[in-house]
Structures are given as structure tokens and as C-alpha cells.
Amino acid sequence: MADECWVPIPAGSPYPLANLPIGVGHSGDGRWRAWVALGDVALDLAASHDAGAFSGIELPDGCFVAASLNRYLAAGPSTWSAVRARLTALFTDTANETTLASFVSARSVLTMGVPTAPVDYVDFYSSIHHATNLGRLFRPDGDPLMPNWKRIPIGYHGRTGTIVADGAEIRRPHGLRLIEGEPEYGPCRSLDIELEVGTIVGVGSERGYPIRIEDAGRHLYGMCLVNDWSARDIQAYEYQPLGPFLGKSFATSVSPWLVSIEALAPFRIASPAQDPPVANYLSTDEAWGFDLHLEVWLDSARMRAAGQPAVCLSRAPFDDMYWTPAQQLAHMTANGASTNPGDLFASGTVSGPSRGSEGSLIELARNGERPIKLPDGSTRAFLLDGDRVTMTGWAGSEPGNRIGLGSVSGTITDQGG
Ligand code: MN
């Protein structure tokens, strides 16, 4: 079908016709609207809608003329499916080219925002490799996994107000951290990344009414990439007894293009067997694992100045995440907590079992014991000012049959005095 598409799609594009991810952006005029990405271009959904492209599909008023996709996501799975089917039909019938071509922009000229306005943001901790690695670092004398880790998806509520878009500058946070055993206020000395996959709630749920795991598919819209920036020294001092706070809340970067669960359907796989068996409310026969592949790239200010390309620090598989998005959704509403359209919950750092597949610097550089060598001759235990981190990812193991999650990057700057 792709060869019938009237938009040329470069080989290896993360956005073939099978993907059709949506985001919000503007073309320099500040008029935020929804777009769908295809190859190197994007189609203005608001203008297309005005021109009747979605006639016969019931859409919430103004759902494509907004700085977030929340209203569109609230419309639910049958609407998402109908829009996706219509877009596929529009792009594969050359009769539409003349009408729609004026609503197409090069993606490179668009300023993309955070795709949804989450009311709530939850960050989980669902990679057994990451939890084990960090447990060994922080609690070398104990069992690396806490006794509850295999019973419930561990998570905490993050800060929605500091969720930032692709390309945002990340000012180095200041805080209280231990210097030679004494708490001292100053700039973070161990600024880190966390490679994560975010899941976006489409249809929310009322307070008092848990979402049953069987119904997860009716609530979840899609996925994106998340960099959960982490100030390890601030985190280490504050995290007991109540968990992460200022070590995490200064910034969370998300990728601009939401890939729908429907587009990801061919890449759904069984998640790893869970032993001990989980509680009934977390148990399902549905396959909620995803065959995703993630990468972390870094370039320093000096590398960019010298024209050196970014270097790949990590390649992490998502397929053996211990807890799935459906389990995370069922768990975070099990007590009756509500959810809203556009809410974000992140997987937790994605680390694989092997060296070079860890999703954070604290794991990759063994908490500073094995600094990473960069092409500019410098080394990194943690991020320095001017470092730019780019995360990328895709679904599918066969190169000819992939869809991309796109990428998200952020650059560290000095907070100043
Ligand atoms: Mn995290």
C-alpha cells in the first residue's frame, strides 16, 4: 500500500503510512494545531478537517485546533480508528492530492510541542535489569530488588508542569546534596538521563472507579519517548523515606509524535512470565509487551563545534520489561484514582541485560567507576553543560518493517549564579 501513497516516503523513514503518528505544532506563526507525520512531511489536521477531510466522523469541536491533543484523545478508540482509516484512504487516493497538498508542510519547518497536556504524570520502575542495577549501587549489602518489586509496578507521581518538548534546554538543577558527608546547596554534580517509553491515556476514568486490566485497551491511546532527567546527588539525599522529589521534578522531556497502540498492534508480544504470579487485578492473557528498540545518543558542545556526529551510548530492548502498560494503568487506578485524557505514565528506565544496553549514565558508567570515553577526548560519568542527549526508538525487528517513535533531545545548560 505504501507505494500507492501520493506523499513520497524515503526508505527507512520512521513515519511510513503504517505509522501515522500525531502531534501538535505550528509553522512559525504560533497557531498550534494537530498534525500527522508521514515521511518527511506532516499534514495539518485542523485545515484538513475544515476542508471536510473527516466528514462523517464525529469529532469534538476544535479538537485539532489546540496546543494539546487532549480533546481528540477523549473521543475514544472508535474515533481514533476512524481517523486513522480515513487518513490511510486519503493518502492512498491521488484524487486527494490537489486538495490536501496545501495543508502539507515539511516536518523540518514545524515547531513541535508536548503532544498532550497531562493532568497527571506517573513514572514507573518496571525494568528488572534497571531496578537490579540500581539496587546493587544504592544498597550493595541487601537484595537488589525490594520484596514488593515483583508484586506491584513500583511508581511515583511526577510533576506535569515541567514536562518539556523536544529540543528544550535543561538548566542544571541546584539542590542540597552530600559533599564529603555534609549536605551542601549547589549545582547538581551527577546529572543523568533515564531512557523511558511513555504511554498516553486517551479515555480517562472517574475517581472511585478502577480501570480493569481487561479494559486497558479502551483507555490507552499510544506511546512516545521520555527522558526522565535525574539529579542523582539530589535524589540520593532526599529519596528516603518518601521517594523522588526535586531530583526528578526539574524537567521531563517527551517526544513530539504519539504513535498509536493501533499502529503498534503488529509489534505486540507476550511480556516475560511473572513469578511469583501477580494479583488478579494485574493479570491478563492479552499480549501487552511491545517489540521496541531504543537508543541513547550524546554529543558534547565540543563535538558539535568540531563537526563530530553524536555517539551512541546505549541500545536497549523494551521487549523484556517486567511490567506492562496495561498492568501499570490497572495498578495506578486500583485505589480509585482518576485518569484524564492526555495523562502520561512512563515505563521507568529501560535497561537491557547486557553491557551497553543500560538506560542511564549511572549504570553505563557504573556510578563514575568506568567513565564513558567520548570522541572529543573527554570522558563522562554524568552530563556536563553543553551535552545534548537524543533518545530514539522504533518498533519492529526487521529493518523493512519498522515504524518509528521518532526522537527526543535536550541540551544541558548552566543554571548560572
Ligand atoms: Mn524514571
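All of these numbers come straight from a predicted model, not from anything done at the bench.

How each quantity is defined
Residues numbered from 1 in each chain as written. Predicted model: local features only at pLDDT ≥ 70, side-chain atom pairs only at ≥ 80, totals over all residues. Heavy atoms only, no water. Helix = DSSP H or I, 4+ residues; strand = E, 2+ residues; numbered from the N terminus. Rg over C-alpha atoms; globule rule 2.2 N^0.38 Å. Buried < 20%, exposed > 50% of the residue type's maximum accessible area, 1.4 Å probe, protein only. Contact = heavy atoms within 4.5 Å. Areas by Shrake-Rupley, 256 points an atom, 1.4 Å probe, with all protein chains shown as cover. Lys, Arg positive; Asp, Glu negative; His and termini not counted. Charge placed at Lys NZ, Arg CZ, Asp CG, Glu CD. Pairing = 2+ DSSP bridges. Axes fitted to C-alpha atoms, helices over the stretch in contact; angles between N-to-C directions. Salt bridge = Lys/Arg side-chain N within 4 Å of Asp/Glu carboxyl O. Donors = N, O, S within 2.8 Å, 3.2 Å for Na, K, Ca; no water. Polar contact = N/O pair within 3.5 Å; in protein donor to acceptor, adjacent residues only side chain to side chain. Expected span 1.5 Å × (residues − 1). Patch = residues over 30% accessible without salt bridge, like charges linked within 9 Å, V, L, I, M, F, W, Y side chains within 5 Å. Core = buried A, V, L, I, M, F, W, Y, C linked by side-chain atoms within 4.5 Å.

Things to note about the overall build of the chain
Logical step 1: On a plain count of helices and strands, the chain comes out with ten helices and 26 strands.
Logical step 2: In summary, the chain has a C-alpha radius of gyration of 21 Å against a globular reference of 22 Å for 417 residues, a match within 12%.
Logical step 3: Along the first, second and third principal axes, the C-alpha atoms of the chain reach 70 × 55 × 40 Å.
Logical step 4: In the chain, which comprises 417 residues, the share counted as buried stands at 54%.
Logical step 5: Across the chain, contacts joining residues at least 24 apart in sequence account for 73% of those joining residues at least 6 apart.
Logical step 6: As displayed, the chain offers around 17,700 Å² of accessible surface, 51% of which is attributable to carbon and sulfur atoms.
Logical step 7: Put simply, the chain has 31 plus and 46 minus side-chain charges, and the middle of one group is 4 Å from the middle of the other.

Focus on the sheet that holds strand 21 (residues 311–317)
Logical step 1: Taking strand neighbours across the sheet as the criterion, the five strands line up as 9-26-25-20-21 in an open arrangement whose pairing is mixed. The open sheet has two free edges, formed respectively by strand 9 (169–171) and strand 21, since each of these has just one partner strand. Neighbour-to-neighbour, the strand axes of this sheet turn through a mean angle of 20 degrees, independent of strand direction.
Logical step 2: When strand 20 (residues 292–299) meets strand 21, the two strands line up antiparallel, connected through six bridges. Note on strand 21: the bridge partner recorded for Leu 294 is Ala 316.

Focus on the pattern of salt bridges
If the charged atoms of two oppositely charged side chains come close together, the side chains can form a pair.
Logical step 1: Within this structure, the stated rule accounts for 16 salt bridges.
Logical step 2: Across the salt bridge formed by Arg 218 and Asp 215, the nearest N and O atoms sit 3.3 Å from each other.
Logical step 3: We classify Asp 215 as buried; its relative accessible area is 14%.
Logical step 4: Salt bridges linked by common partners bring Asp 192, Glu 194, Asp 228, Arg 232 and Lys 248 together as one network.

Points about the sheet that holds strand 3 (residues 41–44)
Logical step 1: Spatial ordering of the open sheet is given by 4-3-2-1-5, a layout of five strands whose pairing is antiparallel. At either margin of the open sheet sits one strand with a lone partner, and together these are strand 4 (104–106) and strand 5 (111–112).
Logical step 2: As judged from the three bridges shared by strand 3 and strand 4, these two strands associate in the antiparallel manner. Bridged to Val 41 within strand 4 is Ala 106.

Points about the coordination of the manganese ion
Logical step 1: Coordination sphere of the manganese ion, protein contribution only: Asp 123 (OD), Glu 194 (OE), Glu 196 (OE) and Asp 228 (OD), at 2.1 Å.
Logical step 2: Linear spacing of the donor residues for the manganese ion on their chain is D-x70-E-x1-E-x31-D. Pair noted here: Glu 194 is in the loop between strand 12 (191–192) and strand 13 (195–201) and Asp 228 is in the loop between strand 14 (220–227) and strand 15 (230–231), with a separation of 34 residues, a long-range link.
Logical step 3: The class of Glu 194 is buried, set by a relative accessible area of 4%.
Logical step 4: Residue class for Asp 228 comes out buried when judged on its relative accessible area of 1%.

A few points about the environment of Ser 300
Logical step 1: Relative to the assigned elements, Ser 300 resides in the loop between strand 20 and helix 8 (301–305).
Logical step 2: Sequence separation between Ser 300 and Gly 204 is 96 residues; the distance between their C-alpha atoms is 41 Å.
Logical step 3: When near neighbours in sequence (up to four residues on either side) are disregarded, Ser 300 contacts Leu 374, Asp 376, Arg 380, Gly 386 and Asp 387.
Logical step 4: Polar contacts involving the side chain of Ser 300 include one to the main-chain amide nitrogen of Met 303, which spans 3.0 Å.
Logical step 5: Among the polar contacts listed, one links the side chain of Ser 300 to the side chain of Asp 376, at a separation of 2.6 Å.

Quick notes on helix 3 (residues 77–92)
Think of an α-helix as 3.6 residues a turn; residues three or four steps apart then line up on the same face.
Logical step 1: The end-to-end C-alpha distance of helix 3 is 22 Å, a good match for the 22 Å that 16 residues give at a rise of 1.5 Å each.
Logical step 2: Three or more residues of helix 3 are buried, namely Thr 79, Trp 80, Val 83, Arg 84, Leu 87, Thr 88, Leu 90, Phe 91 and Thr 92.

Notes on a nonpolar patch on the surface
Logical step 1: Nonpolar side chains collect at one region of the surface, where Leu 176, Leu 178, Tyr 185 and Tyr 237 lie side by side and expose about 430 Å² of accessible area between them.
Logical step 2: Structurally, Tyr 237 is set in helix 7 (residues 232–238).

Notes on the nonpolar core
Logical step 1: Counting 57 residues, the largest nonpolar core has Leu 264, Phe 318 and Leu 383 as the members making the most contacts within it.
Logical step 2: Apart from residues lying up to four places away in sequence, Leu 383 is in contact with Arg 172, Leu 191, Asp 192, Ile 193, Trp 229, Leu 298, Leu 361, Val 389 and Ile 412.
Logical step 3: If you look at the next biggest cluster of nonpolar residues, it comprises 43 residues, including Ala 34, Cys 63, Leu 90 and Val 114.

Such coordinate-based values are descriptive only and should not be taken to indicate function.
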